[in-house]
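Here are the chains, one letter per residue:
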Amino acid sequence: MTKHVFVTGGVVSSLGKGLTSASIGMLLEARGLRVRMQKLDPYINVDPGTMSPYQHGEVYVLDDGSETDLDLGHYERFTATHLTRQCNYTTGQIYLSVINKERRGEFLGKTVQVIPHITNEIKDVVTQLANADTDVVITEIGGTVGDIESLPFLEAIRQIPLEVGRENCIFIHLTLVPYLKAAGELKTKPTQHSVGLLRQIGIQPDILVCRTERGLDVSDREKIALFCNVPLESVIEERDKDFSIYEVPLSLQSNRIDEIILRRFGLQAPPAALDEWHDILHRLRNPEHEVSIALVGKYAEHRDAYKSIYEALDHGGIACRTQVRVQPIKSEDIEREGAERLLAGFDGLLVPGGFGERGIEGKVEAIRFARERRLPFLGICLGMQCAVIDFARNVAGLEAAHSTEFARNTPHPVICLMDEQHSVVDKGGTMRLGAQPAVLAEGTKAAAAYGSTRISERHRHRYEFNSKYRAALEEAGLVIAGTNPAGTLVEIVELADHPWFVAVQFHPEFKSKPTAAHPLFAGLVAAAVERHAGSAWVAES
Ligand code: GLN
């Protein structure tokens, strides 16, 4: 019988429910359990794919091409769980499905209502993940208890124990225990109120994870336990981590959360195998090198918009025992102040994906600087397209070369709309999305980094390298290091005479893990370390 863990949040948003859920998933896997993970988001957008990264952070893409919430990135980085379209639903998707059923007459003319029709739909999307191959399904409910829009989700998960048995369900509630300076103490009242709200709905949490900047003492925990009706040992402190998010699972484990969950479910499991995880933290704490990488993007200052990129750079650092300092730089600032001024002194450059014309010239200029000054460079998606634009304009002599995304009538459309995109009108879920195979050319930096010439990577784009320009650009020295298996789409370009200049049409950041850095991120960091060592040597001599 598959067990269910539900994770809710209270008091304030942004408490790190995604990280906490991912950490619990990781700990259960470390004890040998087979885990599936899922996030239910209360907003009405049908999927996160069309939402602004400003408001919502990055769109995380899965192998199957679904565009999901960035918390799914945490799930994949922390666990080995298999994520699919069934792992992220929004209120919009739930309603769309119910309304489509109603239009098809599936409700036989009955009045269609939030309870039971919407709640039944929610219960179905949760229980569909339970099967003979899954020991535990972890379902995270987005939003904060008390929000009007999350009520149907809470009502649905309240009902699930009635179907699968209360003993097969655990409710974990994440709350904030703030420290009040004026009073000089931690305050438990917001947690009491938040749990009170949950209990009104009919959910008695089994475990409280309390986010706090200071340690909870026993009397705080006793108070919370008594007022919230949970056993003392199930009031778990989660102290703010200023060092690394990868500490979260170990801190939860030191509070025995895995033990409490297993005992509650009546499951036996070997002790958690955490050596790999301890090793990650050891490497993070004891770096042998330090490099600084410039991240030049439209939203550069907005970390969540590039969440997986920041994480993947950290993973590259873990692999190379290097502290990677990432400096976000707005591409528009490069337009105003010049690459020379803003990029001198960095050991590497990363230009990530993006949409829209704003800041494009700044990206092209930054890449030109990296190309000419032999600064290690990784270009991703739009970053790759900008690298091709720079090369076409400044090396191959194709004046005013551009992408038709930004200059419809450019004389040299070196980046153009993919054929299958010409007829697309809808915005949601219509790009070239998800895992696609690629073939790498022998002897390239990419093939060396991957240690293979066959790869699979995740995509999310409408525009591509225009094959009509392939011969001219190759002639001028651009290396086509990877294509789709048919050879019709260029997936990777490189420069041979450069320490590390690799630009890819796909998103390697979505497949990087702390335990297995993506080879292209490890490659960038390794090249940056070399550059740094070289420049230090030059400075000394
Ligand atoms: N805007 C570009 C395209 O659609 C790049 C997309 C991206 O960087 N994800 O092709």
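As a reminder, the structure under discussion sits directly above these lines.
What you see is a predicted model; the values in this text were computed from it and never measured.

Participant: Just to check I follow, could you spell out the pairing of strand S22 (residues 490–495) for this structure?
Facilitator: Each regular strand carries side chains that alternate between the two faces of the sheet. The element S22 is largely enclosed, with a buried count of 6 among its 6 residues. In this sheet, S22 lies alongside strand S21 (residues 478–483) in antiparallel orientation, the contact comprising 5 bridges. Each residue of the ladder has a partner; that of Thr-483, found in S22, is Val-490. Pairing between S22 and strand S23 (residues 501–504): 3 bridges, direction antiparallel. Bridge pairing links Ile-492 to Val-504 in S23.

Participant: Just to check I follow, could you spell out the site of the ligand for this structure?
Facilitator: Around the ligand, a shell composed of Gly-353, Gly-354, Phe-355, Cys-381, Leu-382, Gln-385, Glu-405, Arg-460, His-461, Arg-462, Tyr-463 and His-507 is seen. A distance of 3.0 Å separates an oxygen atom of the ligand from a polar backbone atom of Leu-382. A distance of 2.8 Å separates an oxygen atom of the ligand from a polar backbone atom of Tyr-463. Within the complex, 98% of the 300 Å² of free accessible area of the ligand lies under protein. Mapped onto the shell around the ligand, the elements with two or more residues apiece are helix H16 (382–394) and strand S19 (454–461). A per-class count over the shell around the ligand returns 4 nonpolar, 5 polar and 3 charged.

Participant: Teacher, can you tell me more about the nonpolar core here?
Facilitator: One recurring pattern in soluble globular proteins is that nonpolar side chains are buried together. Core analysis: the biggest nonpolar cluster contains 45 residues, and Ile-138, Ile-172, Ile-207, Ile-257 and Ile-261 have the highest contact counts within it. Contact partners of Ile-257, with chain neighbours within four places excluded, come to Ile-24, Leu-27, Ile-207, Val-209, Ile-236 and Leu-252. Formed by 42 residues, the second largest nonpolar core is a distinct cluster that contains Leu-343, Ala-366, Ala-387 and Leu-417.

Participant: Would you mind going over the packing of helix H1 (residues 17–30) against helix H3 (residues 71–78) with me for this structure?
Facilitator: Two packed helices can be described by the angle between their axes and the distance between those axes. It is at 9 Å that the axes of H1 and H3 come closest, and there the two elements cross at 25°. Here H1 is positioned roughly parallel relative to H3, judged by the angle of their axes. Pair H1 / H3 crosses with right-handed handedness. Of the residues in H3, those in contact with Gly-18, Leu-19, Ser-21, Ala-22, Ser-23 and Met-26 of H1 are Asp-71, His-74, Tyr-75 and Phe-78. A per-class count over the contact of H1 with H3 returns 5 nonpolar, 4 polar and 1 charged.

Participant: It is not clear to me how the pattern of salt bridges should be interpreted in this structure. Could you clarify?
Facilitator: Two side chains that carry opposite charge are able to pair once their charged atoms sit near each other. Per the counting criterion, the structure on display carries 36 salt bridges. For Glu-372, the salt bridge is made with Arg-368, and the minimal N-O distance between the two is 2.9 Å. With a gap of 4 residues between them, Glu-372 and Arg-368 both fall in helix H15 (residues 360–372), about one helical turn apart. Under the relative-accessibility criterion, Glu-372 is labelled partly exposed at 45%. On the basis of relative accessibility, which here comes to 34%, the residue Arg-368 falls in the partly exposed class. Across the pair Glu-474 and Arg-470 runs a salt bridge, and its minimum N-O distance is 3.4 Å. Here Glu-474 pairs with Arg-470, and both are found in helix H18 (residues 470–475), just 4 residues apart, close to one helical turn. Judged by relative accessible area, Glu-474 falls into the partly exposed class, the value being 36%. With relative accessibility at 24%, the residue Arg-470 sits in the partly exposed group. Each member of the salt-bridge network shares a partner with another, and the members are Lys-39, Asp-41, Asp-69, Asp-71 and Glu-140.

Rules used in this analysis
Residues numbered from 1 in each chain as written. Predicted model: local features only at pLDDT ≥ 70, side-chain atom pairs only at ≥ 80, totals over all residues. Heavy atoms only, no water. Buried < 20%, exposed > 50% of the residue type's maximum accessible area, 1.4 Å probe, protein only. Helix = DSSP H or I, 4+ residues; strand = E, 2+ residues; numbered from the N terminus. Pairing = 2+ DSSP bridges. Near = heavy atom within 4 Å. Polar contact = N/O pair within 3.5 Å; in protein donor to acceptor, adjacent residues only side chain to side chain. Areas by Shrake-Rupley, 256 points an atom, 1.4 Å probe, with all protein chains shown as cover. Nonpolar A, V, L, I, M, F, W, Y, C, P; charged D, E, K, R; others polar. Core = buried A, V, L, I, M, F, W, Y, C linked by side-chain atoms within 4.5 Å. Contact = heavy atoms within 4.5 Å. Axes fitted to C-alpha atoms, helices over the stretch in contact; angles between N-to-C directions. Parallel < 35°, antiparallel > 145°, perpendicular 65-115°, else oblique. Left-handed = near helix turned anticlockwise from the far one by under 90°. Salt bridge = Lys/Arg side-chain N within 4 Å of Asp/Glu carboxyl O.

These values are about where atoms sit, not about what they do.
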